[in-house]
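# Architecture at a glance
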Amino acid sequence: MTKFVAVTPLDNYILHITTDAGDILDFNVLVELERIPSYKRLYDIDFFKQVHFKDERIYWDYDHDFHIDQVLARSHKTV
């Protein structure tokens, strides 16, 4: 299974992601937050100071995360 190697926040809720398969992706977090019913509350958090990643998850708290499959399906390759 693919895993995250690096996750770097860019401007406007974009995450620049490198995977162990060598893919470099840009993931629009704001678009994904809008899919969550309580996103208005989440929109106000200081997202980039709280974002973390581990293996197959990007998360900003223990209740809200993105799994690698979701990120890969909805990201744009940059290279």
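Criteria and thresholds
Residues numbered from 1 in each chain as written. Predicted model: local features only at pLDDT ≥ 70, side-chain atom pairs only at ≥ 80, totals over all residues. Heavy atoms only, no water. Helix = DSSP H or I, 4+ residues; strand = E, 2+ residues; numbered from the N terminus. Buried < 20%, exposed > 50% of the residue type's maximum accessible area, 1.4 Å probe, protein only. Contact = heavy atoms within 4.5 Å.

## Some thoughts on the overall build of the chain
When you go through the chain residue by residue, the secondary structure sums to four helices and seven strands. Its helices and strands taken in sequence order, the chain reads β-β-β-α-α-α-β-β-β-α-β from the N to the C terminus. Buried positions account for 29% of the 79 residues belonging to the chain. Pairs at least 24 residues apart make up 46% of the contacts formed inside the chain by residues separated by at least 6 positions.

## Digging into the environment of Arg 74
Residue placement: Arg 74 occurs in helix H4 (residues 68-74). Separated by 47 residues in the primary sequence, Arg 74 and Phe 27 have C-alpha atoms spaced 7.0 Å apart. Not counting residues within four places of it along the chain, the set of residues in contact with Arg 74 comprises Phe 27, Glu 32 and Arg 35.

## As for the environment of His 52
Mapped onto the elements of the fold, His 52 is located in strand E4 (residues 52-54). Here His 52 is in contact with Arg 57, Ile 58 and Tyr 59, once residues within four sequence places are set aside.

## As for the environment of Ala 21
With respect to the helices and strands, the residue Ala 21 is situated in the loop between strand E2 (14-19) and strand E3 (24-28). Take Ala 21: its relative accessible area is 53%, and that puts it in the exposed class. When the C-alpha atoms of Ala 21 and Thr 2 are compared, they prove to be 6.5 Å apart, with 19 residues separating the residues in sequence.

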